[in-house]
Amino acid sequence: MIAVHHSTIRKVLPVGAAVLLATACSSAATTGADAGPPRSGGTLTLAVGSNPDCLDPQQVGTNAALNVGRQLVDSLTDQDSATGEIKPWLAESWETNATSTSFTFHLRSGATFSDGTPVDAPAVKTSFDGIKALGAKSLLGSGYLAAYTGSTVLDPRTVRLDFSAPSAQFLQASSTMSLGVLAPAAYRKTPDQRCQGDGLIGSGPFVFESFKQNSELVIAKRKGYAWGSSLWKHQGEAYLDKIDYKIVPEPGVRTGSLLSGQLDATTEVQPVDEAQFQGNGFTESTRPNPGVVFNLTANVTRGVLADEKVRQAVGKGVNRQEVTETVLSPNYKPATSILASTTPLYTNLSAQLAYDPAGAAALLDGDGWVPGPDGIRTKGGQRLGAKVVFAAAFNQSQSVLELIQQQLRKVGFDLAIELHTTAETLQIQQSGAYDFLWYNVTRADPDILRNQFSAKAGNRSHLPAGTPLDTALDQQAATADSAARKPGAEQAQQLIVDHAYAIPVFELTQVVASSSRAHGVSFEASSRLQLFDAWVS
Amino acid sequence: MRNHVIRRILQALVVLWAAFTLSFVILYLLPGDAVLAKLGGGEGAQTVTREQLQQAREAYGLNDPWPVQYGKRLLAALHGDFGTSIATGDSAAHQVLSALPPTLAVTGLGLALAVLFGGGVALLGTYTRFRWLNNLLLSLPSLGTALPVFWVGLVLIQIFSFRLRVLPALGNHGVQSLVLPAITLALPTGAVIGQVLAKSLRTQLAEPYIEIVMAKGASRARVHFGHALRNAAMPALTLVGVVSGQLLAGSVVTETVFSREGIGRVTASAVSLQDIPVVQAVIVLAAFFFVTINLLVDLLYPLLDPRTRNREAARG
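Owing to the predicted nature of the structure, the values given are computational and were not obtained by experimental measurement.

Points about the overall build of chain A
So, point 1. A tally of regular secondary structure across chain A gives 15 helices and 26 strands.
So, point 2. The C-alpha radius of gyration of chain A comes to 24 Å, within 12% of the 24 Å expected for a compact globule of 537 residues.
So, point 3. When the backbone C-alpha atoms are referred to their principal axes, chain A occupies close to 75 × 65 × 35 Å.
So, point 4. By the burial criterion, 55% of the 537 residues in chain A qualify as buried.
So, point 5. Taking the contacts inside chain A whose residues are at least 6 apart along the sequence as the reference set, 70% of them involve residues at least 24 apart.

What to know about the overall build of chain B
So, point 1. Tallying secondary structure elements over chain B gives 13 helices and 0 strands in all.
So, point 2. Seen through its C-alpha atoms, chain B measures out along the principal axes to roughly 85 × 60 × 30 Å.
So, point 3. A burial count over chain B gives 45% of its 316 residues as buried.

Considering the interface of chain A and chain B
So, point 1. If you look at the interface, chain A gives 50 residues, while chain B gives 49 residues.
So, point 2. Counting residues per element, the ones that place at least two in the side of chain A that touches chain B are helix 1 (2-24), helix 4 (139-144), helix 6 (191-195), strand 10 (242-247), helix 7 (251-259), helix 12 (422-431), strand 20 (436-442) and helix 13 (448-453) of chain A.
So, point 3. Considering each element in turn, the side of chain A that touches chain B owes the most residues, 7 residues, to helix 12 of chain A.
So, point 4. Grouping the constituent residues of the side of chain A that touches chain B by class yields 18 nonpolar, 25 polar and 7 charged.

Comments concerning unusual backbone geometry
All names here are of chain A.
So, point 1. Despite not being glycine, S100 has its phi angle at roughly 55°, a positive value.
So, point 2. Secondary-structure assignment places S100 in the loop between strand 4 (91-96) and strand 5 (102-107).
So, point 3. Using a count of 23 C-beta atoms within 10 Å as the deciding quantity, one classes S100 as buried.

With respect to the nonpolar core
So, point 1. Among the nonpolar cores identified, the biggest contains 231 residues, and W438 and V505 of chain A together with V96 and V282 of chain B are the most heavily contacted of them.
So, point 2. With 14 residues, the single largest contributor to this core is helix 8 (residues 176-205) of chain B.

Regarding the sheet that holds strand 7 (residues 158-163) of chain A
All names here are of chain A.
So, point 1. If you walk across this open sheet you meet the 4 strands as 4-5-7-6, and the pairing is antiparallel. In this open sheet, the two edge strands, each paired with only one partner strand, are strand 4 and strand 6 (148-155). Across the sheet, the mean angle separating the axes of adjacent strands is 20° when strand polarity is ignored.
So, point 2. Note: strand 6 against strand 7, 6 bridges, orientation antiparallel. Bridging from a neighbouring strand, V153 pairs with V159 of strand 7.

Here we look at the pairing of strand 7 of chain A
All names here are of chain A.
So, point 1. In this sheet, strand 7 lies alongside strand 5 in antiparallel orientation, the contact comprising 5 bridges. Note that in strand 7 the partner of F103 across the bridge is L161.
So, point 2. Connecting strand 6 to the antiparallel partner strand 7 that follows it, the hairpin turn spans 2 residues.

Brief notes about the environment of A472 of chain A
Residue and element names in this part refer to chain A.
So, point 1. Residue placement: A472 occurs in helix 14 (residues 468-478).
So, point 2. The exposure class of A472 is buried, given the 24 C-beta atoms found within 10 Å.
So, point 3. For the pair formed by A472 and A220, sequence separation is 252 residues and the distance between their alpha carbons is 46 Å.
So, point 4. Beyond its immediate chain neighbours, meaning those up to four positions away, A472 contacts G488, Q491, A492 and L495.

Re the sheet that holds strand 15 (residues 370-371) of chain A
Residues and elements named next belong to chain A.
So, point 1. Read across the sheet, 3 strands follow the order 15-16-17 without closing on themselves; strand pairing throughout is antiparallel. Here the strands that pair on one side only, and so sit at the sheet edges, are strand 15 and strand 17 (382-383).
So, point 2. Both strand 16 (residues 377-379) and strand 17 contribute to a ladder of 2 bridges, which runs antiparallel. In the sheet register, T378 faces strand 17, and the bridge partner there is R383.

Points about helix 15 (residues 482-498) of chain A
Residue and element names in this part refer to chain A.
So, point 1. End to end, helix 15 covers 24 Å across 17 residues, agreeing with the expected 24 Å (1.5 Å per residue, within 8%).
So, point 2. Listed in full, the buried residues belonging to helix 15 are R485, G488, A489, A492, Q493, L495, I496 and V497.
So, point 3. The inward-facing, buried residues of helix 15 abut helix 13, helix 14 and strand 21 (502-507).
So, point 4. A500 sits one or two residues past helix 15 and shows a positive phi near 50°.

Thoughts on the packing of helix 7 of chain A against helix 7 (residues 149-163) of chain B
So, point 1. Two elements in contact, helix 7 of chain A and helix 7 of chain B, have axes whose closest approach is 11 Å; the angle formed by their N-to-C orientations is 5°. Classed by the angle they form, the pair helix 7 of chain A and helix 7 of chain B counts as roughly parallel. Here helix 7 of chain A contributes G252, V253, G256 and L259 of chain A to the contact with helix 7 of chain B, which in turn contributes L154, I157, Q158 and F162 of chain B.

Looking at the environment of F113 of chain A
Residues and elements named next belong to chain A.
So, point 1. Mapped onto the fold, F113 is located in the loop between strand 5 and helix 3 (121-134).
So, point 2. Classification of F113 by C-beta neighbours within 10 Å gives buried; the count is 24.
So, point 3. Distance from F113 to V207, taken between C-alpha atoms, is 9.9 Å for residues 94 residues apart in sequence.

Procedures and definitions
Residues numbered from 1 in each chain as written. Chains lettered and ligands numbered in written order. Predicted model: local features only at pLDDT ≥ 70, side-chain atom pairs only at ≥ 80, totals over all residues. Helix = DSSP H or I, 4+ residues; strand = E, 2+ residues; numbered from the N terminus. Rg over C-alpha atoms; globule rule 2.2 N^0.38 Å. Buried ≥ 20, exposed ≤ 12 C-beta atoms within 10 Å, placed from the backbone. Contact = placed C-beta atoms within 7 Å. Nonpolar A, V, L, I, M, F, W, Y, C, P; charged D, E, K, R; others polar. Core = buried A, V, L, I, M, F, W, Y, C linked by C-beta atoms within 7 Å. Pairing = 2+ DSSP bridges. Axes fitted to C-alpha atoms, helices over the stretch in contact; angles between N-to-C directions. Expected span 1.5 Å × (residues − 1). Parallel < 35°, antiparallel > 145°, perpendicular 65-115°, else oblique.

By themselves, these figures tell us nothing about what the structure is for.
Here's what the structure looks like:
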């Protein structure tokens, strides 16, 4: 009992001290940057909002699980979160053939898995073949490797991966934790065993230690780690001895626990709680998720949404600034394209996405839609309205959609809101039985547009084959050279916004709050946590 | 007596089978399935293809017609195998059994506190001669039953963890992490026990036999605690059997609020993910507990009340 008391006191004291310090010199901003040089050792206690049901980064698809998995595995490459460029990690260099169907990686020497075996070409081949073999169990990976046909070991440190179709996106995908490399021994265990941490042998800066479902998960520093990504701030071992992920589903408990010193940091800070962590010794790290922003994707085969002018009017009737200012927080940005500003080859289309109710009214007037007695426009007996289907994956979605509903009512458009479970939403998305779909997708590569909008892929807007959009999407997928992909990627964004196949609204943003004890909690290019450079004082 | 026990055990087996079957039917009839729920909840929901969904359903045996799925599951369950969780890859039985001890610790302590609190309030409330104290104590249970568990938990955390910083708000570490969740569970449960016990105590105290006992010169305390309580305890004891089930249900809320490992959280997430193997393992386990506790309560009656003992003897 006495030992127990001590630990409570120890946890409380630093924050008490920090609060005193902040009151003593209230004008001084006590941010993590002032804490002096990073020091090794200690445990970072970090709250996440949901249980990472499975721990194998190759299999998982939830943010909670990806935020853990990222620390356990290394990838062939890393992606610069500032520029989107692909940089060396386990691979020192690589070549791509002209058609982006063949990628040759030259591995660095000296890297080992936590079971002591080397990270060599045969191991990389085993790992990629293993991900392919997972099939649908590797939700993200199997998408990245859709056209993967196999690997060839050219020498112990050189491996070539082949694809049956141009796969420019693969280079970015090779930097994700979903394609992180596991040891050959891992594949002697079943996928279910790896999910539970059994045989989850990576070469990453941390190793799995223990997992209490729905309560906490601990990972520990990998001793002797010396093959970090070229993008990291320091080389050698991670600073932290351990990371203790607390699984805390209640947002209010996450906030209160951080404020009272029971946590060092928390993910998923709710917009209403953000102000409490601005100053007072706390810091916030934020980063918009790259990929497709939260948007209303129109099914152009349904009702009034078949009319392009109607879709364009809806786009003009949405006041994005008001959405981020009233329902979200200043950390969230209004969408300025269908892609978030953190996505490579994003192009700024803010002029086309400005709030313009007069323009919306003019479009609808010209199209023959007349305001009815209840304010909703009609044409030939048809009411101007549509339904939006969504799941509550993001807490504020309901409030955002209710605000958009009010905004669109002002231009005479009746938006009905339909909340479904995640399972039902996926079923509806697959069947195509929706007018508008409300969603976002995280991916730090513009190819996500092909995945979602190409008539040959997801085709969420139900477009006919052979539109100029398909041509643009195919063009950006054909080559791994960023400059060569640019015209296609930009044109695709332009076409989607111009034809209002989707109405972009805001950029989903990760908000992490840290106490004065935690430093360097940061994000990689896909806005997942990268904790190699994190430390505690 | 022996026949009675055998009959009760047979009844219990039927209850277990019914719980197993009903949970399968309900989850099977819900729109969507475990694969949709698993894939729909993550980042991959937007990029998954129809082929991937089909492949995953095939892998988890969800494409089989329902009688085949049900039959396979029942047969395996008879051998103690509830299958593998679709969400976590862990064996459903292991997942449920490993989540059991932390839940039992909280609910056990919660039940003890509930009996203490409910019993104490009812006894004092009916014993005291101060009218104001009497009224105050006896109004506590109705207040207790009106408070939502969720709210009580958050208020306790706010006061004792965030303000006073004497108890942890989250986790499973040590005895001190049990205190707030157990109190949260005990308040509404204790209130129900208190209500029932107070009512039956008052009924008993108005019975003619009390006057006889008093006329024989027994002290007030002896009348109250010795005679009235013994007879009044029967309905409250029956209730303990019922509230044990309520405590398990309440643990869904307390474990979420206090971020604890346990059956409640396992159940909540398995139901929302339509993870049939885990839900069935939980339900069969819960039914087992429910049946066992009620069986025990049933067998305790004769010890407390000679009338039921004689009736059983006459029948058995």
